[in-house]
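Working through the structure, step by step
This is what each chain is made of:
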Amino acid sequence: MFEGSFLGDAARLPPAARLECKICWWVYDPAHGDEAAQIPPGVPFAQLPADWRCPQCDGERTQFMVVTAP
């Protein structure tokens, strides 16, 4: 299983980190949240529900890579 560029440990991510799905390239940006999953703006990737998946391709959260980390 791919563990993204955060090595599968979301606690290592800064709250404002943006992550990109390696399957479809959709970007999770905590400043915007995820409207499809009713995740409000301001929710860091590390605090997404355990069952959260990419809203574009249904990829698992472990398929995400860090795009930018402040």
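The structure this text deals with has already been given above.
What you are looking at is a predicted structure, and each value in this text was computed from that prediction instead of being measured.

Thresholds, definitions, all that
Residues numbered from 1 in each chain as written. Predicted model: local features only at pLDDT ≥ 70, side-chain atom pairs only at ≥ 80, totals over all residues. Heavy atoms only, no water. Helix = DSSP H or I, 4+ residues; strand = E, 2+ residues; numbered from the N terminus. Buried < 20%, exposed > 50% of the residue type's maximum accessible area, 1.4 Å probe, protein only. Salt bridge = Lys/Arg side-chain N within 4 Å of Asp/Glu carboxyl O.

We now examine the environment of Ala11. Structurally, Ala11 is set in the segment before β1 (18–21). When its relative accessible area of 68% is taken as the criterion, Ala11 is described as exposed.

So, about the pattern of salt bridges. Counted under the stated rule, the structure contains two salt bridges. The partner of Arg18 in a salt bridge is Asp29, with the nearest N and O atoms 3.5 Å apart. Taken together, the positions of Arg18 in strand β1 and Asp29 in the loop between β2 (27–28) and β3 (64–68) put the pair eleven residues apart, joining distant regions of the chain. According to the relative accessible area criterion, Arg18 is partly exposed, its value standing at 27%. Asp29 sits in the buried class, given a relative accessible area of 16%. A salt bridge links Asp58 to Arg53, with the nearest nitrogen and oxygen atoms 3.1 Å apart. Under the relative-accessibility criterion, Asp58 is labelled partly exposed at 46%.

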